[in-house]
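# Observations on the model geometry
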Amino acid sequence: SMVFDSDKNIYFADKASHQVKMWNKTTNQIKVIVGTGVEGFGNNCIVGEIGCALNSPSAVALNGTTVYILDFGNLRIASVDLISKRLETYLNASS
């Protein structure tokens, strides 16, 4: 899935690369928002740290500066604050 922000940038889940990315409308560039490119489970970590990973993200939603991610392989909804760059578990399917 994908979602637009107020500047018309597109946030999308790249399930195959285990990442969430953003296409910048102004620069026509794609950048990784979160994910290492290898499946894993990261929680309470800063984006870019080793181990700050996702597992088959399949959907995204945006609320202000927070991206919510359906982290399908980890059975959770994760959140990333775009300001602090912190990845956390918002809701775990087993709880």
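Refer to the structure printed above.
Conventions and cut-offs
Position numbers for residues count from 1 along each chain, tracking the sequence in the order it is written. Local features are withheld for residues below a pLDDT of 70 in this predicted model, meaning they are given only at 70 or higher, and side-chain atom pairs are given and counted only at 80 or more; totals for whole chains, interfaces and linings count all residues. Excluded from the side-chain calculation are hydrogens and water; included are all heavy atoms of the structure. By disulfide we mean two sulfur atoms from cysteines, separated by a distance within 2.5 Å. The rule is simple: take the accessible area with a 1.4 Å probe, protein chains only, and divide by the maximum for that residue type; under 20% is buried, over 50% is exposed, in between is partly exposed. Whether two strands pair comes down to DSSP finding at least two bridges between them. Note on conventions: DSSP H or I runs of at least 4 residues are helices, E runs of at least 2 residues are strands, and numbering of each starts at the N terminus. Lines fitted to the C-alpha atoms define the axes, with helices restricted to the stretch that makes contact. Angles between their N-to-C directions range from 0 to 180 degrees. Planes of paired rings set the category: under 30 degrees apart is stacked, over 60 is edge-to-face and the rest tilted, where pairs are Phe, Tyr or Trp rings (Trp by its six-membered ring) whose centres lie within 6.5 Å.

This paragraph deals with the state of the cysteines. In total, this model carries one disulfide according to the counting rule given. Residue pairing for Cys45: its cysteine sulfur links by disulfide to Cys52, the two sulfurs lying 2.3 Å apart. Measuring the twist about the S-S bond at about 80°, one finds the Cys45-Cys52 disulfide to be right-handed. An identical accessibility class is assigned to Cys45 and Cys52; each is buried.

Another aspect to go through is the sheet that holds strand E1 (residues 2-4). The sheet built from four strands is open, its strands ordered E1-E2-E3-E4 with antiparallel pairing. Where the open sheet ends on each side, the last strands, each with one partner, are E1 and strand E4 (29-34). Strand-to-strand twist across the sheet, computed as the mean angle between neighbouring axes with direction ignored, equals 25°.

Two numbers describe a pair of aromatic rings. These are the distance of the centres and the angle of the planes. Counted according to the given criterion, the structure contains one aromatic pair. With 5.0 Å between their ring centres and 70° between their planes, Tyr68 and Tyr90 make a pair best called edge-to-face. Here the residue Tyr68 occupies a position in strand E7 (residues 66-71), and Tyr90 occupies one in strand E9 (residues 86-92), the gap between them amounting to 22 residues. According to the relative accessible area criterion, Tyr68 is partly exposed, its value standing at 23%. Take Tyr90: its relative accessible area is 55%, and that puts it in the exposed class.

Coordinates in, geometry out; function isn't part of it.
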